[in-house]
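# Reading the structure
Chain by chain, the residues run as shown.
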Amino acid sequence: MTAIFEYAMTWADERLIWDPQEFDSIDHIYVLRSNVWVPEITPFDSLEQNYDQKKISMQLLFQINYNGFASFYTSVVTSVVCRIDVTFFPFDQQNCSLKLLSYSFYNYEMGMQNAISKDFQISNVGSDEWEVTDVLSYSELLFNSSEPVQINEFTFLMKRNPSYYIALIITPSFVLTFLCIAGLFTSPLVVDDLEKFCMGLTTIMSTAVMIGIVAENIPKTKVLPKLTKAILIGGPSAHVF
């Protein structure tokens, strides 16, 4: 899964505390990210990250409050590996997780808490092909060389939009199957053998095109979608002509 992950991060740094009364009642300032320590958070099992975007984010401003709390809002483009089940393709639902951790600090050195904003709108997430139905978040501790490492995980529950596949695969498959059955029981007085042969050949070619569309759009897994099985079983029926 490749996604644009937008997040807000807030942390406390005791070295950034000051008394507003000593500085003309200034209770917050804005500084460049490159000038202040920022917690190192890295996507776990990420295949690809946009490093150019990281360089740009170092020039972004973020807010520091007098009590030592700092925060900023940013986004990152990342690709992660997701296990999928295409049995019911294109009516499948998938779960994909994005795990965040810190490779530089142990849990007792830097603690993390993740949460989903109350203002988060699920309708604004997803794409034309995928609809995100829910987003879950939780944390877990893993032990690396007897030291605990905290992993924060966001799980996206997604449902595929089947409109494209219904229009280009499922509906034509039903039409071709109907033509095959109709041709099988058509009286020889109405349709001669040559017309039956042409209809059967057209059906075979159409089935091959649909199989190609399915092969290009589904992931290469050991599980064969039921839609593919239906096309493979229904297609050879054209040979009866």
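These lines cover the structure that appears in this document, whether it is placed above or below. (Residues numbered from 1 in each chain as written. Predicted model: local features only at pLDDT ≥ 70, side-chain atom pairs only at ≥ 80, totals over all residues. Heavy atoms only, no water.)

### What about the overall build of the protein?
For the protein, the count of helices and strands is four helices and nine strands. For the protein, the α and β elements follow one another from N to C terminus as β-β-β-β-α-β-β-β-β-β-α-α-α. Across the 241 residues that make up the protein, the buried fraction comes to 32%. Counting only contacts in the protein whose residues sit at least 6 apart along the sequence, the fraction spanning at least 24 positions is 75%. (Helix = DSSP H or I, 4+ residues; strand = E, 2+ residues; numbered from the N terminus. Buried < 20%, exposed > 50% of the residue type's maximum accessible area, 1.4 Å probe, protein only. Contact = heavy atoms within 4.5 Å.)

### Quick look at the pattern of salt bridges
Enumeration over the complete set of coordinates arrives at four salt bridges. Across the pair aspartate 13 and arginine 15 runs a salt bridge whose closest N-O atoms are separated by 2.9 Å. Taking relative accessible area as the criterion, arginine 15 reaches 63% and is therefore assigned exposed. Linking arginine 160 and glutamate 129 is a salt bridge whose minimum nitrogen-to-oxygen distance equals 3.0 Å. In this pair, arginine 160 is assigned in strand 9 (residues 147–160) and glutamate 129 in the loop between strand 7 (93–101) and strand 8 (130–144), connecting sequence segments 31 residues apart. With relative accessibility at 35%, the residue glutamate 129 sits in the partly exposed group. Through salt bridges that share partners, Asp92, Glu129 and Arg160 make up one connected network. (Salt bridge = Lys/Arg side-chain N within 4 Å of Asp/Glu carboxyl O.)

### Some words on the side chain of threonine 87
Topologically, threonine 87 is positioned in the loop between strand 6 (69–80) and strand 7. Here aspartate 85 takes part through its side chain, which lies 2.6 Å from a polar atom of the side chain of threonine 87. Those residues within four positions of threonine 87 in sequence are excluded, and the remaining contacts are Val223, Pro225 and Lys226. (Polar contact = N/O pair within 3.5 Å; in protein donor to acceptor, adjacent residues only side chain to side chain.)

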